[in-house]
Amino acid sequence: MLQNTAIRPEFSEVDVDAEPVNTAKPDLLTVEEAKALDPQSMADLFKEHINPGQFHFMKLLGFHKVKIETAEGMYYVDQNGRKILDFFGGFGSLAHGHNHPRVIAARQKFQDEGRHEIAIAFLSQYASALAKNLAACSPGELDMVFLGSSGSEAMEAAVKVAERASGRPNCKIVHAGNSFHGKTKGVLSITDSDLYQGNFNLVENRIKVPFGDLEALTRAIESDPDIGVVVLETVQGGGGIISAPESYWKGVRALCDKHDVLWVADEVQCGYGRTGKFYAFEHYGVVPDVTALAKSLGAGKAAVGAMIAKREVYMKAYGSPKTAMIHAQATFGGIGEASITAIEGLNVLYDEDLIENAARVGDHLISRLKALQEKYPKIIKDVRGKGLMVGLEFQDFSKTMPAVLRPMISLLDDKLKGSLSGFIGAQLLRDYDILVAFTEYNRNVIRLEPPLVCTSENVDTFCDALDDLLSKGIVSIVNGFIKSQKG
Ligand SMILES: Cc1ncc(COP(=O)(O)O)c(C=O)c1O
């Protein structure tokens, strides 16, 4: 049809003077060339094409000198063959450890068999099976699944399904102080961070209440009948590993039932077995109306996110042919290799008892850290968490830093001034080959979210290293950090 000049007369003649279209291959790196980049070239390209400002932080922490070549189980291996123990775990994205052999084999087989990827035309056996598995892992009537490629996308889907199902034309959404639900525009509006929210124009229909404060939530819901949705991380990750007691969660459930409000539990970071139950809310004997998973759902090899809703909620929002396509999955939702990766990952999680391991090894980690807190009360302020989602909070030295250190740290970046996490994290990497994670909203907290394959011996290696470092004292730790910046 496009050649039909009667319909498209502009194609009837060839313009001989037109510039020839340049189809020459641009200067592209090959996969082999990418693999061979050295740390300096990686840094140059990162600064030139990805995020120069972020590079500044990577340099402060000493990450810029490391090129990861391979990874296996609990370890990264760098360009010098140095094994780095991973107590960061991609903020909870690596439940199975790096390159779990069963996950790798499933992916390899899928490719060898020439299977298909895109799941938006025909039905996909893989997307259907993954949805069935997620429903099987989820308590109560959490049966309907939306598949996407990230936690933000899963949370967008969760908030949208709840908003529609709430039945309120001017539905308002309650979220918590210190919340983190992602950076896409919708969930950014309920992510409590001035930095991330910047000066963006955000969704207006939101109300913030303090996390864990049932009275504040009750007051909000009772005073505003437009409130139709409450969104809460079951354990706040970005907030610094903050949880609330069982009475709070029982109260949230009862309050929502009483006022016909839908509760969305964000389990993107705390779910998938990390706290010693598949979902963290299972510790409290309650079931939300909608939940979301991502991170470890991709078994460390694929980008997978999922919203899981009670069938009744889903059907209210999108149950008829007329409404079915309003939030049907996007291009990469339920894509083949990602789905089989997640299917195999869920099977491995149960076959290898990784959830029980998280509970057992997590208890050991917490008890060893509490012993260190008793030994170093002037340095460690708090140890908290469940399973392998643990927060280690240092005393805040920003105002009380010993006088001898003040001139030294005044040279440093605003972000690290007075925050021991940065100094300690950088030295754990440099001198002890251990990687830990920092916390968005509280710079004094190190987040420990190692893979769920972590052993008690791994915990001992980490705690012995921390003990050795802390035994040197604050002055030496900060001094060591400053020296590393000069070196
Ligand atoms: C609780 C929570 N929700 C949502 C997200 C967003 O996930 P993603 O980074 O995959 O978009 C995160 C990411 O850290 C998270 O921790």
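On a predicted model such as this, the values are computed, not experimentally measured, just so you know.

A.B. asks: How would you explain the overall build of the protein if you had to name every residue and give the values?
C.D. replies: When helices and strands are tallied, the protein shows 18 helices and 15 strands. For a compact globule of 487 residues, the expected C-alpha radius of gyration is about 23 Å, and the protein comes in at 25 Å, within 12% of that figure. Overall, the C-alpha framework of the protein stretches about 85 × 65 × 45 Å when taken along its three principal axes. Put simply, the protein has 487 residues, and 44% of those count as buried. When contacts within the protein are restricted to residue pairs at least 6 apart in sequence, those whose partners lie at least 24 apart make up 73%.

A.B. asks: Just give me the short version of unusual backbone geometry, but keep the residues and values in it.
C.D. replies: Backbone phi values are negative for most residues with the exception of glycine, while trans is the configuration of most peptide bonds. With a phi angle near 65 degrees, Tyr 272 is a residue other than glycine that sits in the positive phi range. Positionally, Tyr 272 belongs in the loop between strand E8 (262-266) and strand E9 (290-293). With phi around 40 degrees, Lys 295 is a residue other than glycine that occupies positive phi space. Mapped onto the fold, Lys 295 is located in the loop between E9 and strand E10 (305-310).

A.B. asks: Any chance you could break down the sheet that holds E10 for me, citing the residues and the numbers?
C.D. replies: Remark on secondary structure: sheet strands pair via backbone hydrogen bonds, oriented parallel or antiparallel. Overall, mixed pairing links the 7 strands, which are arranged E4-E10-E9-E8-E7-E5-E6 in an open sheet. For this open sheet the edge positions go to strand E4 (142-148) and strand E6 (206-209), each flanked by a neighbour on one side alone. Put simply, the sheet's adjacent strands are angled 20 degrees from each other on average, direction ignored. Sheet topology note: the strand E5 (residues 172-176)/E6 ladder contains 4 bridges and is parallel. Looking across to E6, one finds that Ala 176 is bridged to Val 209. Of the strands in this sheet, E4 and E10 are in contact with helix H6 (residues 125-137), which crosses E4 at around 135 degrees. Together, E4, E5, strand E7 (227-233), E8, E9 and E10 form the strand contacts of helix H7 (residues 151-165), whose direction differs from that of E10 by roughly 20 degrees.

A.B. asks: Account for the nonpolar core, naming residues and giving values.
C.D. replies: Formed by 129 residues in total, the largest nonpolar core has its most connected members in Ala 158, Val 161, Val 230, Val 264, Ala 306 and Met 307. The dominant element in this core, judged by the number of residues it contributes, is H7, at 8 residues. Both of domain 1 (64-86 + 354-486) and domain 2 (102-351) provide at least three residues apiece to this core.

A.B. asks: Help me get a handle on the domain arrangement of the protein, residues and values and all.
C.D. replies: In many analyses, interface size is given as the accessible surface area lost on bringing the parts together. Domain boundaries in the protein define domain 1 (64-86 + 354-486) and domain 2 (102-351). Contacts between the two partners involve 22 residues from domain 1, matched on the other side by 19 residues from domain 2. Sorting the residues of the side of domain 1 that touches domain 2 by element identifies helix H14 (354-375), strand E11 (380-386), strand E12 (389-394) and strand E15 (445-448) as the ones contributing at least two each. Among the elements that make up the side of domain 1 that touches domain 2, the one with the highest residue count is H14 (5 residues). The class makeup of the residues in the side of domain 1 that touches domain 2 is 10 nonpolar, 6 polar and 6 charged.

A.B. asks: Go over the sheet that holds E12 with me, naming the residues and quoting the values.
C.D. replies: The strand order across the open sheet built from 4 strands is E11-E12-E15-E14, with neighbouring strands paired in antiparallel fashion. Each end of this open sheet is capped by a strand with a single partner; those strands are E11 and strand E14 (437-438). Two elements, E11 and E12, share 6 bridges in a ladder whose sense is antiparallel. The partner of Asp 382 across the bridge, within E12, is Glu 393. In the packing of H14 onto the sheet, contacts are made with E11, E12 and E15, and the angle to E11 comes to roughly 170 degrees. The sheet strands contacting helix H16 (residues 420-432) are E12, E14 and E15, and the helix crosses E15 at an angle near 45 degrees.

Rules of the game
- Residues numbered from 1 in each chain as written.
- Predicted model: local features only at pLDDT ≥ 70, side-chain atom pairs only at ≥ 80, totals over all residues.
- Helix = DSSP H or I, 4+ residues; strand = E, 2+ residues; numbered from the N terminus.
- Rg over C-alpha atoms; globule rule 2.2 N^0.38 Å.
- Buried ≥ 20, exposed ≤ 12 C-beta atoms within 10 Å, placed from the backbone.
- Contact = placed C-beta atoms within 7 Å.
- Pairing = 2+ DSSP bridges.
- Axes fitted to C-alpha atoms, helices over the stretch in contact; angles between N-to-C directions.
- Core = buried A, V, L, I, M, F, W, Y, C linked by C-beta atoms within 7 Å.
- Domains from an automatic or database assignment.
- Nonpolar A, V, L, I, M, F, W, Y, C, P; charged D, E, K, R; others polar.

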